[in-house]
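# Commentary on secondary and tertiary structure
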Amino acid sequence: MAFDFKFGDFKFDGLKLGGKSGAQKPEQPKMTAAEEAWDLLKTVFYAVAIALVLRIVIFQPFNIPSGSMKPTLQVGDFLFVSKPTYGYSRASLVYPLTRMGVHGRVLSSKGPERGDIVVFKARRHGNRDYIKRVVGLPGDEIRMIGGVLTINGAPVEKEFIGMAATDCDYLRNIEVPSYRETLPNGVSYTVFECDADTGPLDNVGPYQVPEGHYFMMGDNRDQSQDSRTAQVSFVPFEDVVGRAERIFFSVDGDKAKFWELWKWPFAVRYGRILDPVK
């Protein structure tokens with residue numbers, strides 16, 4: 001039911017009981033197929049742009065493809081790498097910008113500390129991403145003597161903690177010695193020795209770390225291609241991508257193949273999710 005009434009010089013009309021106005025809003029024209037496609041493309045573009053900015057500026061997801069950092073990191077771990085920790089360089093960007101002829105870092109207040117686990121670009125190995133532990137700082141002298149890491153003439157504390165099962169080359173699930181290693185600044189972690197203390201990289205050096213460079217090693221000492229080899233050697237600070245911070249997902253690929261969806265819930269390492277990397 002509609003009614004009109006007048007109040008002073010103002011007149012109200014067309015009002016209906018129930019609080020609804022008699023005036024109807026014009027119906028919006030429907031989008032054409034081309035407009036819908038363009039709207040979808042814009043949404044995808046914005047999503048990709050935001051993801052790229054986050055990846056370059058804040059953090060980069062990284063997955064562990066090999067066992068060189070066992071037992072600290074397992075094959076199938078997915079982790080976040082912090083970009084602001086050491087500032088930014090060409091290594092912080094995305095391909096092909098990582099190959100630009102730009103040198104140095106910006107917004108960098110400090111470099112990696114001894115014991116940090118970092119991702120870096122291996123320029124001598126096709127600019128691939130590597131993840132290792134920093135053991136040598138600029139100016140350090142590094143040696144391996146009988147499997148013992150020696151920094152500036154002082155052997156690093158290395159304590160045998162027992163045998164552990166792991167894979168070594170083509171040998172799977174074998175028992176190897178494991179040790180607790182403690183760096184001069186107190187950072188402590190576990191290392192594996194597939195070849196005990198007699199491997200080809202257990203007696204090497206000395207290496208004099210140049211200024212602006214770092215010496216990297218894997219925790220799986222006899223299964224790691226790191227600064228002890230010519231293929232990696234010293235790592236320039238400008239080639240460091242960032243510091244590994246936290247595992248956000250982990251899956252055991254031996255328990256489920258990519259297409260075996262029904263096995264995925266049993267292959268996830270739930271106990272490793274959200275673990276800090278240290």
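Above this text you will find the structure in question.
Remember, it's a predicted structure, so these values are computed and weren't measured experimentally.

Turning next to the overall build of the chain. The number of helices and strands found in the chain is two helices and 16 strands. The buried share among the 278 residues of the chain stands at 40%. Sequence separation of at least 24 residues holds for 57% of the intrachain contacts in the chain that already meet a minimum separation of 6. Here the chain has roughly 16200 Å² of accessible surface; of this, 61% comes from carbon and sulfur atoms.

Taken together, four strands build an open sheet; the order of strands is 9-8-7-13 and the sheet is antiparallel. Taken across any chain shown, the strands that pair with only one partner, and hence form the sheet edges, are strand 9 (154–155) and strand 13 (204–208). When strand 8 (residues 148–151) meets strand 9, the two strands line up antiparallel, connected through two bridges. Following the sheet pairing, Ile 151 is matched in strand 9 by Ala 154.

It is worth spelling out the pattern of salt bridges at this point. Per the stated rule, a full pass over the model turns up 18 salt bridges. With a closest N to O distance of 2.6 Å, Glu 181 and Arg 221 form a salt bridge. Taken together, the positions of Glu 181 in strand 11 (residues 171–182) and Arg 221 in the loop between strand 14 (213–217) and strand 15 (235–236) put the pair 40 residues apart, joining distant regions of the chain. A relative accessible area of 1% places Glu 181 in the buried class. The buried category is assigned to Arg 221, whose relative accessible area is 0%. Through salt bridges with shared partners, a single network forms among Arg 90, Arg 123, Glu 238 and Asp 239.

Definitions and limits used
Position labels on residues start from 1 in each chain and follow its written sequence. Reporting in this predicted model follows two pLDDT cut-offs: at least 70 for local features of residues, and 80 or more for side-chain atom pairs to be given and counted; totals over whole chains, interfaces and linings ignore these cut-offs and use all residues. The basis for every side-chain value is the complete set of non-hydrogen atoms in the structure, without hydrogens or water. Here a helix means four or more residues in a row that DSSP labels H or I, a strand means two or more in a row labelled E, and each is numbered from the N terminus. Burial classes follow relative accessibility: with a 1.4 Å probe on protein chains only, a residue under 20% of its type's maximum area counts as buried, one over 50% as exposed, and anything between as partly exposed. Should any heavy atoms of two residues lie within 4.5 Å, those residues are considered in contact. Areas reported as accessible are Shrake-Rupley estimates using a 1.4 Å probe. Residue values count occlusion only from the protein chains shown. Strands pair, by our definition, only if DSSP identifies at least two bridges between them. In the sections that follow, a salt bridge refers to a side-chain nitrogen of Lys or Arg positioned within 4 Å of a carboxyl oxygen of Asp or Glu.

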